[in-house]
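Observations on the three-dimensional arrangement
The residues making up each chain are set out below.
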Amino acid sequence: MTVARDGPRRWGRGGDPKGSPPSSSTARIHAGPVETTALAVLPIAWLWSTGTVLGDGWLLPALGAVLTMALAAALARTIMPAFVATGVVALLGVGWITATSAPDEALLGVIPTPESAGASMRAIGEGVQAIAWALRTPIEVEGAVLAAVVAGAVVLALGVDLLGHAMRLPAIAVLLAAAPLLLPIAFRADIPWWHALPGAAAAALALAAPAIDERVAIGRGWLAPVALVGVAAALAAAVPLVAPSPRDVALDLPTLEELLRSPTPVLQTDIDLGDELRRPEARQVFTYSTSDGLPTVTRLMTLPEAGEDGFRQVAPTAGDPDLLVEGADLGAPMQLTVRMSPVRAESLPTPERVAGATAPEGAHWDDANDALRIEGSVDTDGLEFTSSGTRSPDLASLVGDSSTGHEELLLLPERAQGIRELGSSLVTEGMGAADRVRAVHAYMTTGVWDYSEQLDLPGFAGASGDGWEALEGFLETRSGYCVHYASATGALLRGAGVPARVVVGFLPGDEIAGGRSVTTNHMHAWAEAWVDGAGWVRVETTPGAGTGQASPEGDEQTQEPTPTPTESAAPTPTPSATQSAAPTTAPTASPTPSSPGVAEPGATAIDWAALRPWLIGAGLVLLLALPWLVRRGQRAVRLRRGAPGGWHELRAALADAGTRLPASATPGEVQAAIGARLADDPQARSAADRVRLAAERAVFDAGPRERGAVDADVRLVARALGRSQPLWRRVLSTALPPSLVRVVPPIDE
């Protein structure tokens, strides 16, 4: 029998409450005011989570675009179908994109023209490229970057409107709106809780809004669901407080480019004393040859300023001096010919002490940081250029009693006072500049020093502390990698009264036919000291770097069980005429079968690099199939419960077919909705009626609940409901079943 009760009020077309059984024309109800508001603010709320990467310079134009589009969509839906309203609002979004990307080519600054369309595409492409390959954050949001951010906000707003209103899939809209959260994760930037709070609150409100709207419509209290939204938002916003910092997680999200072909390496010239070294898979950066046939280190960028957290760049200053790096005219001249591979970088490699360069188009000399800067739009693939210069003199033969003219390179911040005092204690009052350099070098290469890329010290890997505190920890434990050796050497030299700076560049690389090949794993840092009469002199203290290998273990990120001793010895000239670090004894324990990443003797080694795309692909397929698998599991569980579970499954199938009913809909209303969808299939309608009657008898008359009694009827109706949808809707509901997030409880609960 059927329990007779009044149907609930619900939001119909135009927002009018309805109580009659649903028909096919009213099956898809409009969102109520609370849900409409929540969906409107979702894009901006989640864009706020990008603050560590994009700052807030995008807020006003993006906020204006999203809110005006939401208001226009709400007005349009009162007089036209939801899909048409979304299309109309898309035109408004195009106007916002045009206004921020190509106003000069548009009519009245907002109406697109063929010229503005091309300019907008170019501007957005440049902005996306600038964001994707940014070498530091926060990114300055202006020009092309602002156009890209506003375009992204418009796309998010359109997607939310299409999914949340036109297709009535608010849960999927919530997932789409959270896409900006991937940006700080990709940049491995920490997300403060106050950056995550707006998005978490808006998402929780959007999911709870249908229930709130319904309770308001039938006159029931709404404080309880609102309080639940607040609790959910608070818990979600607390996740950044307890979750590991992205900088501590070794997993890097793969990009589509990585799945299809070798990724373009990004050359980051900033150094972080508070982070472990994460070596990517080695990628070729450039090949080179020298006029004398000998290998050489190459300069990429100079870090002349000792800031609050370590050595860093200063504001670029364009210049064209006769001698690019001071002291480059002292020594045997050589010419360097470079052929670049596809890379993203701020500057191009030059000789260690570059005297002159034939700058390619789009490049200019940065006199403040001694770097051959390139514009972001320069295509480096196959780029060839030449430069000339000299190699640094050997420290053993270095002469010079004074270091003048670079007093600003003696400065250290207050936080580095302890390192300054240590550097001062290494020298005496009467020492000349060359002897002071050798004294610091001897300190950094005498005794036990360990090259390690994984560290556990205060100030490292996101722990409490700053860069200089981390550097003091390095000097105490004598365990670190090149940026720590270079920064400590530079700071000690300044403390010893010698102007010094840090250089980021490359080790000589590997020999190939006709020259040498340099990869991302050859990227290196060292200190330079200024000595009158000798110029800038490389002071290399990283163990193994003098032989062209910065790490005795190569690419592996391993912590040696015992420190590697470094004997004190006078450096001798190498065939490349570059300064060699003190010879080291680095006995390496033989790998055992239990060593990670080492194959047992006779075993077949697994090429994980080759398997990686296949594993990622399999994972993506499984992830895409997960909603369908969960939905199939739900059906099996419900059918085991007999007729009540079968009726619940029909309500889920009805939701998947696009007919959404409120949680309080009566069995009669559900039956009417099924009948409206299956008007041309009397067999399926009869099967649905049999399932409903069996479920009511089981619940209200304590009738039989045996398994399998209604299974055939349930499957027949479910297939018929699936066939009642357009093909595109059937595919979408199979991949992302709406019933997973918006199914009412069974009628016996």
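Residues numbered from 1 in each chain as written. Predicted model: local features only at pLDDT ≥ 70, side-chain atom pairs only at ≥ 80, totals over all residues. Heavy atoms only, no water.

1. Looking at the nonpolar core
Ranked by internal contacts, the top residues of the largest apolar core, which has 68 residues, are Met 340, Val 437 and Trp 468. Looking at this core element by element, the count peaks at 8 residues for helix α15 (residues 482-495). When residues no more than four places from it in sequence are discounted, the contact partners of Met 340 are Val 285, Phe 286, Leu 348, Pro 349, Thr 380, Asp 381, Gly 382, Leu 383 and Phe 385. Counting 27 residues, the second-largest nonpolar core is a separate cluster that includes Val 141, Val 154, Leu 156 and Ala 157. (Core = buried A, V, L, I, M, F, W, Y, C linked by side-chain atoms within 4.5 Å. Buried < 20%, exposed > 50% of the residue type's maximum accessible area, 1.4 Å probe, protein only. Helix = DSSP H or I, 4+ residues; strand = E, 2+ residues; numbered from the N terminus. Contact = heavy atoms within 4.5 Å.)

2. Thoughts on the confidence of the model for the chain
On average, residues of the chain score 75 in pLDDT, and 72% of them reach the 70 mark or higher. Predicted confidence is poor over residues 1-28, with pLDDT under 50, and the contacts of this stretch with residues over four places away or in other chains come to 60 contacts. (pLDDT = per-residue confidence, 0-100.)

3. Comments concerning the packing of aromatic side chains
Across all of its chains, the model carries 8 aromatic pairs by this definition. Arranged with centres 5.3 Å apart and planes meeting at 80°, the rings of Phe 286 and Phe 506 form a pair that is edge-to-face. On the criterion of sequence distance, the pair formed by Phe 286 in strand β3 (residues 284-290) and Phe 506 in strand β17 (residues 500-506) is long-range, its members being 220 residues apart. Neither Phe 286 nor Phe 506 differs from the other in exposure class; each is buried. Ring geometry for Tyr 443 versus Trp 449: centroids 6.3 Å apart, planes at 80°, classification edge-to-face. Above the face of the Trp 536 ring, Arg 501 is positioned so that its terminal group lies 3.8 Å from the ring centre. The lysine or arginine in question, Arg 538, covers the ring of Trp 526, its NZ or CZ lying 5.8 Å from the ring centre. (Phe/Tyr/Trp six-rings, centres within 6.5 Å; stacked < 30°, edge-to-face > 60°. Lys NZ or Arg CZ within 6 Å of the ring centre and 35° of its normal.)

4. A closer look at the sheet that holds strand β21 (residues 535-539)
The strand order across the open sheet built from 5 strands is β9-β4-β17-β20-β21, with neighbouring strands paired in antiparallel fashion. Of all strands in the sheet, those bounded by a partner on one side alone are β9 (350-351) and β21. Direction of pairing for strand β4 (residues 298-303) relative to β17: antiparallel, over a ladder of 5 bridges. Bridge pairing in β17 places Thr 302 opposite Val 503. Against the sheet, α15 contacts β17, β20 (523-531) and β21, and its axis sits at roughly 10° relative to β20. (Pairing = 2+ DSSP bridges. Axes fitted to C-alpha atoms, helices over the stretch in contact; angles between N-to-C directions.)

5. Structural notes on the pairing of β17
Looking down a regular strand, the side chains alternate between one sheet face and the other. Taken across its 7 residues, β17 has 7 buried, putting it largely inside the fold. On β17, burial covers both faces: Ala 500, Val 502, Val 504 and Phe 506 on one face and Arg 501, Val 503 and Gly 505 on the other are all buried. Alignment of β17 against β20, held across 7 bridges, turns out to be antiparallel. Bridge pairing in β20 links Val 502 to Ala 527.

6. Notes on a nonpolar patch on the surface
A grouping of Leu 620, Leu 622, Leu 623, Leu 626, Trp 628, Leu 629 and Val 630 is seen on the molecular surface, where their side chains present a nonpolar patch of about 640 Å² in accessible area. On the secondary structure map, Leu 622 appears in helix α16 (residues 608-639). Classification of Leu 622 by relative accessible area gives exposed; the value is 52%. (Patch = residues over 30% accessible without salt bridge, like charges linked within 9 Å, V, L, I, M, F, W, Y side chains within 5 Å. Areas by Shrake-Rupley, 256 points an atom, 1.4 Å probe, with all protein chains shown as cover. Salt bridge = Lys/Arg side-chain N within 4 Å of Asp/Glu carboxyl O.)

7. A look at empty space enclosed by the protein
Applying the stated criterion to the full structure yields 6 cavities of 30 Å³ or more. Roughly 130 Å³ of internal volume is contained in the largest cavity. If you trace the largest cavity, you find 15 residues lining it, with Leu 39, Ala 40, Ala 70, Ala 157 and Asp 161 closest to the centre. Counting residues per element, the lining of the largest cavity draws most heavily on helix α6 (residues 144-166), which supplies 5 residues. (1 Å grid on protein atoms, 1.4 Å probe; cavity = no way out; pocket = protein on both sides within 12 Å on 5 of 7 lines; lining within 4 Å. Points joined across faces, edges and corners; volume = space filled by probe spheres on them.)

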